[in-house]
Amino acid sequence: MPPKPDAHGPKPAFARTTVAVLLMAVAVVGVASLTRAQGPSSAAGLWATDGYGLVVDVGADSLGISEVTKVSCIPRVQGRASAVPAGALAAFTLAEEPITFVILPGRSATEARLHVAFAASDMIIRRIDRKPAVCDTPTPDTPVSNFDVFAQTWAEHYPFFAERKMDWSTVVAANRSRVSESTTPQELFVVLAGMIAPLQDAHSGIAARAIGRSFRGVRRTPSFLAAAAREEGYALVTPHLTGPLQRFCEGQVEFGMLAADVGYLRIRSFKDYSTDGAFESDLAALDTALDTVFARAREWKGLVIDVRLNGGGADPYGIAIARRLTAAPYTAYDKQARNDPSDPSKWTVAQPTVVRPIDRPGFRGAVVELIGVQSVSAAETFTQALVKRTPRVTRVGEATQGVFSDVLDRRLPNGWQFGLPNERFVTDGKSYDITGLAPDVAVESFTPAARATGKDAAVGRALAILQGGQVP
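Just so it is clear, the model here is predicted, and its values are computed rather than measured. (Residues numbered from 1 in each chain as written. Predicted model: local features only at pLDDT ≥ 70, side-chain atom pairs only at ≥ 80, totals over all residues. Heavy atoms only, no water.)

(A) View of the packing of aromatic side chains. This model, assessed by the stated rule, comprises 17 aromatic pairs. With a centroid separation of 6.4 Å and an interplanar angle of 45°, the aromatic rings of Trp154 and Phe161 are classed as tilted. On the basis of relative accessible area, Trp154 is assigned to the buried category, the value being 0%. By relative accessible area, Phe161 is classed as buried at 12%. When the centroid spacing of 4.9 Å and the interplanar angle of 75° are considered together, the rings of Tyr333 and Phe425 count as edge-to-face. Of this pair, Tyr333 sits in strand β15 (residues 330–337) while Phe425 sits in strand β21 (residues 423–426); the two residues are 92 residues apart in sequence, bridging distant segments of the chain. (Phe/Tyr/Trp six-rings, centres within 6.5 Å; stacked < 30°, edge-to-face > 60°. Buried < 20%, exposed > 50% of the residue type's maximum accessible area, 1.4 Å probe, protein only. Helix = DSSP H or I, 4+ residues; strand = E, 2+ residues; numbered from the N terminus.)

Take a look at the structure:
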């Protein structure tokens, strides 16, 4: 299946939505106008994605998507026809959950775009005459076959083996001999999880519900807070506030004042902003919250934005916030997916996301952003979206987690699900995968020693920067 969220809450590229919001999202990422596209007249037929390893079968009233590698072809998605928005070729709602795919015209008769609202880009799809030969027969459900599908999927889609200093072919060779037709599910799980654990990639994971096992990668530092300790981390800001925090968006967005002229905006996640979880409901809730937050922003000298304990969510929400902070449009980043099963250095055509000012309450003055190792995924693309903002945003804290891609969700023949990143976000020719975005001012807030003070060192430093009027 196409990218979707993982346990850390990163960007749900394909999630509950409506077709009206899909078209809004097309405008946000800055793709070509539908009226100017010279695309196909019909979506019916077979298509293959650039990158992502998907074959899309479009019928008159049905949609089928298969996950394909050199050694496997696994049918995954079935959809039924739904209302088609103006300018689109077709729209389909999945049978198993309320997710809508819209097929948009491309730039030629053999090209189209597969779009959903939570993604910062579309998938480019191209017409093919027939499915790959590997789809002619079902992929076997055996321990060896499951191992091969897992290994091949990572080989074809993961872009960062070199940066993570892992020779995947060596890892595969060392572990394939441990798997035979008599390998138990528990033994197979240990092998597969052990292969990817050294990556410490927070967008990697495997879930074997049938045996009650799961694994998620992550990079930890001394500042990393376990779930039970996060409320303690959140509470450290309290001594710095002039009053209680206001809560919005089901508690995921909070606002208060650090001084009479310095605001404090904490974003706990980029998802779950409404009770129904629909994209349009979440976006409406966020916009309403931001109207309240920025209602008196003209009186401010500065703003602190805190995403240190933010597990991610959907990129467009970060863009919606960035729009409140700029007076002029600028490109936040270009998004690309790995586009060659044999060569991780080849990428799909870049698709830009542009931050455009909005005629609603906002703040165009000095901003300090608090970041850390638990700024993950959509929290990182939000941070990246502020890199070219004017005036420049000052980052305080520690480097972010270093995972920007949506999670490419896949299924093994035995039904287990696994995920991996296959994309990069690029600003001025640079991506921040692996290393994360670094702070301008390094401050530890959540180490045991820092928490023992009872105060938030990063908040204190941010306030000093803003009240001092100088960017370090």
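(B) Just the pattern of salt bridges, in detail. Throughout the structure, instances matching the rule amount to 25 salt bridges. Where Arg360 meets Asp287, a salt bridge forms, and the shortest distance between an N and an O atom there is 3.8 Å. Pair noted here: Arg360 is in the loop between β16 (351–355) and β17 (366–371) and Asp287 is in helix α6 (residues 279–293), with a separation of 73 residues, a long-range link. One salt bridge connects Arg296 with Glu299, and the closest N-O pair in it is separated by 3.2 Å. (Salt bridge = Lys/Arg side-chain N within 4 Å of Asp/Glu carboxyl O.)

(C) The arrangement of empty space enclosed by the protein in detail. For the structure on display, the rule yields 8 cavities of 30 Å³ or more. Estimated volume of the largest cavity: approximately 80 Å³. Along the walls of the largest cavity sit 13 residues, with Arg308, Ile371, Gly372, Glu398 and Phe446 positioned nearest its centre. (1 Å grid on protein atoms, 1.4 Å probe; cavity = no way out; pocket = protein on both sides within 12 Å on 5 of 7 lines; lining within 4 Å. Points joined across faces, edges and corners; volume = space filled by probe spheres on them.)

(D) Representation of the packing of helix α2 (residues 143–157) against helix α4 (residues 185–196) within the structure. One can describe the packing of α2 onto α4 by two numbers: an axis separation of 11 Å at closest approach and a directional angle of 15°. In this view, α2 runs roughly parallel relative to α4, as classed from their interaxial angle. Between α2 and α4 lies a crossing of right-handed hand. Here α2 contributes Pro143, Asn146, Phe147, Phe150 and Trp154 to the contact with α4, which in turn contributes Leu188, Val191, Leu192, Met195 and Ile196. The residue inventory of the contact of α2 with α4, partitioned by class, reads 9 nonpolar, 1 polar and no charged. (Axes fitted to C-alpha atoms, helices over the stretch in contact; angles between N-to-C directions. Parallel < 35°, antiparallel > 145°, perpendicular 65-115°, else oblique. Left-handed = near helix turned anticlockwise from the far one by under 90°. Contact = heavy atoms within 4.5 Å. Nonpolar A, V, L, I, M, F, W, Y, C, P; charged D, E, K, R; others polar.)

(E) The arrangement of the packing of helix α7 (residues 315–323) against helix α8 (residues 378–385) in detail. Contact geometry of α7 with α8 gives a least axis separation of 8 Å together with a crossing angle of 35°. In this structure, the crossing between α7 and α8 has a hand that is right-handed. Facing α7, whose interface residues are Asp315, Gly318, Ile319, Ile321 and Ala322, α8 presents Ala378, Thr381, Phe382 and Ala385. Of the residues that constitute the contact of α7 with α8, the class distribution is 6 nonpolar, 2 polar and 1 charged.

(F) View of the state of the cysteines. Applying the stated criterion to the full structure yields 1 disulfide. Each sulfur of the disulfide joining Cys73 and Cys135 lies 2.1 Å from the other. Around the S-S axis, the bridge from Cys73 to Cys135 shows a dihedral of about 90° and counts as right-handed. Remark: Cys135 occurs in the loop between β8 (123–127) and α2 and Cys73 occurs in strand β4 (residues 72–81); sequence separation between them is 62 residues. Of the residues examined, Cys73 reaches a relative accessible area of 8% and is grouped as buried. (Disulfide = S-S within 2.5 Å.)

(G) How the structure looks around the sheet that holds β17. The strand order across the open sheet built from 7 strands is β11-β12-β13-β14-β17-β18-β22, with neighbouring strands paired in mixed fashion. At either end of the open sheet lies a strand with only one pairing partner, and these are β11 (246–248) and β22 (441–442). Here 5 bridges tie strand β14 (residues 302–306) to β17, and the two strands are oriented parallel to one another. The residue bridging Val304 from the neighbouring strand is Val368, located in β17. Running at roughly 155° to β11, α6 makes contact with β11, β12 (253–259) and β13 (262–267) of the sheet. On top of the sheet, helix α10 (residues 457–468) reaches β12, β13, β14, β17, β18 (394–397) and β22; it is set at about 165° to β17, its chief contact. (Pairing = 2+ DSSP bridges.)

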